Amino acid sequence: MKTFNLGSSLLILVILLITHCLKTEAQVCRPSGNIKGRKPPPGECNQENDSDCCAEGKLYPIYRCSPAVSSKTKAVLTLNSFQACGDGGGPSECDNQYHSDDTPVVALSTGWYNKGRRCLNDIVISANGRSVRAKVVDECDSTMGCDGDHDYQPPCNNNIVDASKAVWEALGVPHDQWGELDITWSDV
C-alpha cells in the first residue's frame, strides 16, 4: 500500500512538473518574422531622443505578442516624444491627439497594447525606488517599422513601455541616464 501511494505521488508530481514547464514555455513570446530595413530619405528619421533609424538591408524582428502581464511585469522603459513634430511620429493611436512631454503618457508594445484594449487606461510604472501613473495613449508597434508611418525607426521590441519625459522625471532618473531603463509595470 505504501509503495502504491509513493508511486502515485511521484506520478502526480511528474505530471505537475511537466504541466508547469509547458505553461511556462507557452508564455514565451518569440519573433513572428522579420522586416528588412530601408534607408530613410534624407531628413525623414527624427532622432530627437537618440532614436535609431533603420539601416538598409538589416533584418529587424517583429512580434505579435508580448510577455504575460502580471502585478510586476518586467519591461524596458524607452524615451519618446508624443508632441507634434516629436520622434513619436503622428498623433497617438488611442485618441488621435498629440500629448505634451510634460504629461505622463506611454505607448505599449503591440502585445500589451492589445488592439487598443488598454487605451486611455492608466498603468503604474516602478523603477529607481519610485512609481508613477501614466496613461496609455499609443502603440509602440512591434509588427512594423522602417517606413514613413513609423518615422523610419525599427519595430519596437515586445517588452517596451515607451514613455514621455514626464515619466522619466517622475521616476527621478538623471537626464544623462535617459534612454533605456529596466522597469516593472502593472495595470491600475
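Since this is a predicted model, take the numbers as computed values, not measurements. (Residues numbered from 1 in each chain as written. Predicted model: local features only at pLDDT ≥ 70, side-chain atom pairs only at ≥ 80, totals over all residues. Heavy atoms only, no water.)

## Focus on the nonpolar core
Consideration 1: One finds L77, V106, L108, I125, V161 and V167 to be the most contacted residues of the largest nonpolar core, which totals 24 residues.
Consideration 2: Every element with two or more residues in this core is listed here: β3 (73-79), β4 (105-109), α2 (110-113), β5 (122-127), β6 (130-140), β7 (160-163), α3 (165-170) and β8 (180-187).
Consideration 3: Those residues in contact with V167 that lie beyond four places of it in its chain are L77, P104, V105, V106, I125, V132 and A134.
Consideration 4: Listed in part, the eight residues of the second largest apolar core include V76, C140, C156 and I160. (Core = buried A, V, L, I, M, F, W, Y, C linked by side-chain atoms within 4.5 Å. Buried < 20%, exposed > 50% of the residue type's maximum accessible area, 1.4 Å probe, protein only. Helix = DSSP H or I, 4+ residues; strand = E, 2+ residues; numbered from the N terminus. Contact = heavy atoms within 4.5 Å.)

## Describing the packing of aromatic side chains
Consideration 1: Summed over all chains, the structure comprises two aromatic pairs.
Consideration 2: Pairing W112 with W185 gives two aromatic rings, centres 5.2 Å apart and planes at 70°, and the pair type is edge-to-face. On the criterion of sequence distance, the pair formed by W112 in helix α2 and W185 in strand β8 is long-range, its members being 73 residues apart. Each member of the pair, W112 as well as W185, is classed as buried. (Phe/Tyr/Trp six-rings, centres within 6.5 Å; stacked < 30°, edge-to-face > 60°.)

## Let's talk about the pairing of β4
Looking down a regular strand, the side chains alternate between one sheet face and the other.
Consideration 1: In terms of burial, β4 is a largely internal element, five of the five residues being buried.
Consideration 2: Bridge count for β4 against β6 is five bridges, and the pairing is parallel. Across the sheet, residue A107 finds its bridge partner in β6, namely D138.
Consideration 3: Judged from the three bridges that link them, β4 and β7 form a sheet pairing that is antiparallel. Note that in β7 the partner of L108 across the bridge is V161. (Pairing = 2+ DSSP bridges.)

## Description of the state of the cysteines
Between two cysteines, a covalent bond joining their sulfur atoms is known as a disulfide.
Consideration 1: Going through the model one piece at a time under the given rule, you end up with five disulfides.
Consideration 2: A disulfide bridge connects C54 with C146, and the sulfur atoms are separated by 2.0 Å. Taking the sign of the torsion about the S-S bond as the criterion, the disulfide between C54 and C146, at about -85°, is left-handed. Here C54 is found in the loop between β1 (33-36) and β2 (59-62), whereas its partner C146 is found in the loop between β6 and β7, with 92 residues between them in sequence.
Consideration 3: What makes C54 buried here is its relative accessible area of 5%.
Consideration 4: Disulfide partner of C94: C119, at an S-S distance of 2.1 Å. What sets the handedness of the C94 and C119 disulfide is the S-S torsion sign, and at about -80° it is left-handed. Placement of C94 in the loop between β3 and β4 and of C119 in the loop between α2 and β5 is noted, with a sequence separation of 25 residues between them. For the pair C94 and C119, a shared accessibility class is recorded, and that class is buried.
Consideration 5: The connectivity of the disulfides in the protein chain is 1-5, 2-3, 4-9, 6-7, 8-10, where the numbers refer to bonded cysteines in sequence order. (Disulfide = S-S within 2.5 Å.)

## Things to note about the confidence of the model for the protein chain
Consideration 1: Overall, the prediction assigns the protein chain a mean pLDDT of 87, with 86% of residues at 70 or greater.
Consideration 2: Across residues 19-26, where pLDDT falls below 50, the model places one contact with residues more than four positions away in sequence or in other chains. (pLDDT = per-residue confidence, 0-100.)

## Brief notes about the sheet that holds β8
Consideration 1: With respect to topology, six strands assemble into a closed barrel ordered β3-β7-β4-β6-β5-β8, the strand pairing being mixed. On average, each strand axis in the sheet is inclined to that of its neighbour by 45°, with strand direction left out of account. (Axes fitted to C-alpha atoms, helices over the stretch in contact; angles between N-to-C directions.)

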